[in-house]
Amino acid sequence: MTVTEPTTDTALDRARAALRSTLLADGILIDLGSPGLYGRTGVFDRVATAVDAAAVATMAPLDAEVLRFPPVEPLAAFERTDYIASFPDLAASVSVFTGGDREHRALLAARERGDRWEGFLEPADLMLAPAVCHPVYGLVGDTVPQAGRSFDVLGDSFRREPSLDPMRMQAFHMHEFVHIGTPAAARAHRDEHVPVMRALLEGFGLAIDVVPANDPFFGRVGTVMARNQIEQSLKSEFVTPVYGDVGEPTAISSANLHEDHFGRAFGIRTADGEVAHSACLAFGLERITIALFAAHGTDPDAWPLTVRRALAL
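Numbering of residues begins from 1 in every chain and follows the order in which that chain's sequence is written. Per-residue local features of the predicted model are confined to residues with pLDDT of at least 70, and side-chain atom pairs are confined, for both listing and counting, to 80 or more; whole-chain, interface and lining totals are unaffected and use all residues. Where side-chain values are given, they derive from all heavy atoms of the structure, hydrogens and water being excluded.

A. Region of interest: the environment of Pro135. Along the chain, the position of Pro135 falls in helix H6 (residues 134-137). With a 1.4 Å probe rolled over the protein chains alone, any residue whose accessible area is under 20% of its type maximum counts as buried; one over 50% counts as exposed, and the rest are partly exposed. The class of Pro135 is partly exposed, set by a relative accessible area of 22%. The spatial distance from the C-alpha of Pro135 to the C-alpha of Glu73 is 7.2 Å, given a sequence separation of 62 residues. Helix numbering and strand numbering both begin at the N terminus, where a helix is a DSSP run of H or I of at least 4 residues and a strand a DSSP run of E of at least 2.

If you want it as structure tokens, here you go:
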């Protein structure tokens, strides 16, 4: 099944459609029939794996604890993050069938009629993980040492944001390097690695700019939160002109200072009794990989030698 392309009225629409068509036609992505949902071929996986390995090597001095989580998280843990208050439009829960024979027959009858049958499912106590770092905060305990703790977290994320722009997937992978500790240490974790991340991405042959940014907070209150986030310089994004001079450059990685948000939510304190602060460095693996295909073509063996060396391809 394929997704019908909408009428492209702008230069940016045309550029997005062209990149998507190229990635599908050249066997990089596989259309799964829902906007922003793709299968990845061996070519894609080869490059994404190389990108990830380069990011891990760059962050090796952190000596971070390695954690890997499933693509779902318990509802109770999700609630503590307060994600639903800020991004209700991006969240997605898991639903399951809990009925008996009668309910099953009714479900099948609805399905036979061509009606929607999802209403026969009940919400489970699980959420699709919107950020791979979420489970970390519930595992560190009440206190972190004064030197803090650093974590290497890789996993699946899901955000309900359907789009035919190949740079905006609903299901994707993030590799995050998280620090939880004092306010000064959290800020240093973020600030000191911005030039490191920029150098890494530029080494891939990408034109990179680092810009202040905000998360897509929901509603009128969210507008204020977004403005505050920019004014306080809490989020920086590494952007690259995937579509040339058409539209704004696209974010492929970010460096984020959470301040005490997760420390308060999860009751985490430093050795001196203060509320712990946190920060994370996030690599969007699919976005970086697609940016590479957009910049250098869909045959990695034909990429510039400097790029292939940087990625060990």
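B. Broad picture of the sheet that holds strand S9 (residues 209-212). Two strands qualify as a pair provided DSSP detects at least 2 bridges between them. If you trace the 7 strands from one edge of the open sheet to the other, you get S3-S7-S8-S12-S11-S10-S9, paired in mixed fashion. The strands lining the two open edges of the sheet, one partner per strand, are strand S3 (65-68) and S9. The sheet shows a mean angle of 20° between the axes of neighbouring strands, direction not considered. Where strand S11 (residues 250-259) meets strand S12 (residues 277-284), 6 bridges bridge the pair, whose relative direction is antiparallel. If you follow Leu257 over to S12, its bridge partner there is Ala279. Strands strand S8 (171-181), S9, strand S10 (235-240), S11 and S12 of the sheet are contacted by helix H7 (residues 183-203), whose axis makes an angle of about 15° with S12. Think of each axis as a best-fit line through the C-alpha atoms, taken over the contacting stretch in the case of a helix, with angles from 0 to 180 degrees between the N-to-C directions. Any pair of residues with heavy atoms lying within 4.5 Å of one another is described as a contacting pair.

C. Local environment of the pattern of salt bridges. We define a salt bridge as a side-chain nitrogen of Lys or Arg found within 4 Å of a carboxyl oxygen belonging to Asp or Glu. If you walk through the whole model with that rule in mind, you get 13 salt bridges. Put simply, Asp191 and Arg190 hold a salt bridge, and the shortest N to O gap is 2.5 Å. By relative accessible area, Asp191 is classed as partly exposed at 35%. Of the charged contacts in the structure, one is a salt bridge between Asp260 and Arg264, with a shortest N-O distance of 2.6 Å. Of the residues examined, Arg264 reaches a relative accessible area of 57% and is grouped as exposed.

D. How the structure looks around the sheet that holds strand S6 (residues 122-128). Here 3 strands make up an open sheet; going across it, the order is S4-S6-S5 and the pairing antiparallel. Where the open sheet ends on each side, the last strands, each with one partner, are strand S4 (72-74) and strand S5 (93-96). The mean inter-strand angle of the sheet, taken between neighbouring strand axes irrespective of direction, is 50°. One ladder, built from 3 bridges, connects S4 with S6; its direction is antiparallel. Bridging from a neighbouring strand, Pro74 pairs with Leu126 of S6.

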